[in-house]
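What the coordinates show
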Amino acid sequence: MATGPLQGVKVLEFSQIIAGPFCGMHLADMGAQVTKFEPLEGEPWRVFVELVPKESRTFASLNRGKRGVAMDMTRPEAQEVIHRLVRDADVVVINYRPGVAEQLRIDYETLRAINPRLIYCENTAYGRYGPLAHRGGYDLVVQAMTGLMAGEAKMQGDVPTYIYPAVADYATGIQMANAICAALFYRERTGKGQRIDCTLMGTAIAMQTSQFTWIRAFDEEVIPPMLAELQQARAEMKSFAEQVAVHNKYRPAAAGNIYYRVYQTKDGFIAVGALSHSLRLKVLAATGLRDPRFREDGSFEMNPPGWEVEGPKLVQEAEALFRTKTTEEWAETMERHGVPAGPLYFIEELFDHPQTLANGLQVELDHPLLGPYKMVGPPFQMSEARLAAQGPSPMLGEHTDEVLAEAGLGAEEIAALRAAGVVR
């Protein structure tokens, strides 16, 4: 029996790739019974770089703790089964291209008529309204359209490339789970179900709060000419690097950043994070560096006259200093002075790391086909309703018979649907 704050909540998941499955996995970790519906051949992420037939790393990493049903949802018989299950469901999670839900008769209006208390969470790329509503979209496209890609300015050859991991997808999955929990609370108070609309575009913009804030007194003379010059640069087929230079001319980064950055050490790299006035002083105490921007009265001037020349000199001095000691030596020094700092790791180095293990961020599961595997555990915990990985990802169609029986079908009816190619 599943445990957690959502114990007893029944979720029907119609989703694929990342955002919807990530949402469903969070709900399963919180104790919800999540039943995932896939086409007979399996969803695309299941067959993406298969390790064994119909099983992949990507699918296993996003679908643990769920029940799996494989059916041809274009068939009326399959749709009837889904409608029966909706009667007792609490939540539907759907993450398809616009229009697919209507074609499969699992759109909100259809399902709400069956169960008015249903919470229906749909994720699309751009939302249900506006000129882009009909378009499908992936994280890559949304990163490009929302400024995430340009803000990162990561290059692959001469062109910009995506941020890894798929930040809009994963953050939207978290947003969906958050919204569903809020809707469940609202239903507890009012008895009313409702529709939730999440979008990759909305999440991607929401993560850029300060960049997507236009303060008239300060930005009215900056943003319009910037946009005009960017438009001109594109018309002239300027390179992406040249377009970034245009942007940075209007939004220049402060020179001489020694407080919030990564340094190379004697044997690796270390990140130092000091954004407050007091932490900057601690960095100086830990390193012995002198920053002339600090005045005798204790004030700090970010860009004094001539700092565009002097700032890079201070950076060079700091970089040379950090290369004289190991990462561990600098980590100990920073900790002693109260400066947030940490070594640079590749993600695989966090397997069996003591901090990962101490906080339950690694769980071990056993899959019937893949065998034992480790993966990230629930990312947060609660004192009164513990979260837990409820089991591995389902094999394709692993729980089809079990779920069909819950819909009221007998063994002969299930066998007939399988013989007709409706279910796997």
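What you are looking at is a predicted structure, and each value in this text was computed from that prediction instead of being measured.

Thresholds applied
Residues numbered from 1 in each chain as written. Predicted model: local features only at pLDDT ≥ 70, side-chain atom pairs only at ≥ 80, totals over all residues. Heavy atoms only, no water. Helix = DSSP H or I, 4+ residues; strand = E, 2+ residues; numbered from the N terminus. Buried < 20%, exposed > 50% of the residue type's maximum accessible area, 1.4 Å probe, protein only. Contact = heavy atoms within 4.5 Å. Lys, Arg positive; Asp, Glu negative; His and termini not counted. Charge placed at Lys NZ, Arg CZ, Asp CG, Glu CD. Salt bridge = Lys/Arg side-chain N within 4 Å of Asp/Glu carboxyl O. Phe/Tyr/Trp six-rings, centres within 6.5 Å; stacked < 30°, edge-to-face > 60°. Lys NZ or Arg CZ within 6 Å of the ring centre and 35° of its normal. Arc of directions from axis to C-beta. Core = buried A, V, L, I, M, F, W, Y, C linked by side-chain atoms within 4.5 Å. Axes fitted to C-alpha atoms, helices over the stretch in contact; angles between N-to-C directions. Parallel < 35°, antiparallel > 145°, perpendicular 65-115°, else oblique. Left-handed = near helix turned anticlockwise from the far one by under 90°. Pairing = 2+ DSSP bridges.

**Some remarks on the overall build of the chain**
- Regarding its fold elements, the chain presents 18 helices and 15 strands.
- Considered along the principal axes of its C-alpha atoms, the chain spans approximately 85 × 50 × 45 Å.
- Across the 424 residues in the chain, those meeting the buried criterion constitute 43%.
- Summarising the internal contacts of the chain: among those between residues at least 6 apart in sequence, 67% fall at separations of at least 24.
- The positive charge centre, built from 42 side chains, and the negative charge centre, built from 53, are 3 Å apart in the chain.

**Quick word on the pattern of salt bridges**
- Under the definition given, this model contains 24 salt bridges.
- Its salt-bridge partner being E229, residue K249 comes within 2.8 Å of it at the nearest N-O pair. Here K249, found in helix 12 (residues 240-250), pairs with E229, found in helix 11 (residues 223-235); they are 20 residues apart in sequence, far enough to count as distant.
- In this structure E229 comes out as partly exposed when scored by relative accessible area, which is 26%.

**What to know about the packing of aromatic side chains**
- Applying the stated rule across the entire model yields 7 aromatic pairs.
- Considering the side-chain rings of W45 and F48, the 4.8 Å spacing of their centres and the 25° angle between planes classify their relative orientation as stacked.
- Each residue in the set Y263, F322 and W330 is aromatic and connected to the rest through ring pairs, giving one cluster.
- Between R261 and the ring centre of Y263, over which it is positioned, the NZ or CZ distance is 4.2 Å.

**Let's talk about helix 13 (residues 277-287)**
- Taken residue by residue, helix 13 has L279, R280, V283, L284, A286 and T287 as its buried positions. In an axial view of helix 13, the angular spread of the buried residues amounts to 165°, which keeps them on one side of the axis.
- Structurally, helix 13 contributes buried residues whose contacts are with strand 12 (269-273), helix 14 (307-322) and helix 15 (327-337).
- In the segment just after helix 13, G288 is the residue with positive phi, at about 80°.

**Quick look at the nonpolar core**
- Among the nonpolar cores identified, the biggest contains 30 residues, and F14, F37, M71 and I106 are the most heavily contacted of them.
- Elements that contribute at least two residues to this core include exactly strand 1 (10-14), helix 3 (76-86), strand 6 (91-94), helix 5 (108-114), helix 17 (400-406) and helix 18 (411-419).
- Residue contributions to this core peak at 5 residues, all from helix 3.
- For I106, the residues in contact, after removing those within four places along its chain, are F14, I82, I94, Y96, A101, L111 and Y120.

**Details of the packing of helix 11 against helix 12**
- Their axes nearest at 10 Å, the elements helix 11 and helix 12 cross at an angle of 170°. As judged from the angle between their axes, helix 11 and helix 12 are roughly antiparallel. With respect to the hand of their crossing, helix 11 and helix 12 are arranged in right-handed fashion. On helix 12, the residues that touch P225, M226, E229, L230, A233 and R234 of helix 11 are Q243, V246, H247, K249 and Y250.

**Remarks on the packing of helix 13 against helix 15**
- Their axes nearest at 9 Å, the elements helix 13 and helix 15 cross at an angle of 130°. The pairing of helix 13 with helix 15 is recorded here as oblique in orientation. The element helix 13 and its partner helix 15 pack so that their crossing is right-handed. Residues K282, A285, A286 and T287 of helix 13 pack against W330, T333, M334 and H337 of helix 15.

**A look at the sheet that holds strand 13 (residues 341-343)**
- An order of 11-12-13 is seen for the 3 strands of this open sheet, with the pairing classed as antiparallel. Lying at the two open borders of the sheet, with one neighbouring strand each, are strand 11 (260-264) and strand 13. Taken pair by pair, the neighbouring strands of this sheet meet at an average axis angle of 20°, ignoring direction.
- Here 3 bridges tie strand 12 to strand 13, and the two strands are oriented antiparallel to one another. Residue pairing for strand 13: A271 is matched across the bridge by G342.
- Of the strands in this sheet, strand 11 and strand 12 touch helix 14, which is tilted by about 50° from strand 11.

**Description of the sheet that holds strand 1**
- If you walk across this open sheet you meet the 6 strands as 5-2-1-6-7-10, and the pairing is parallel. Two strands lie at the open edges of the sheet, namely strand 5 (67-70) and strand 10 (194-199), each paired on one side alone. In this sheet, adjacent strand axes meet at a mean angle of 20° when their direction is disregarded.
- Pairing of strand 6 with strand 7 (residues 119-124) involves 4 bridges; the strand directions are parallel. Among the inter-strand pairings, V91 is bridged to a residue of strand 7, identified as I119.

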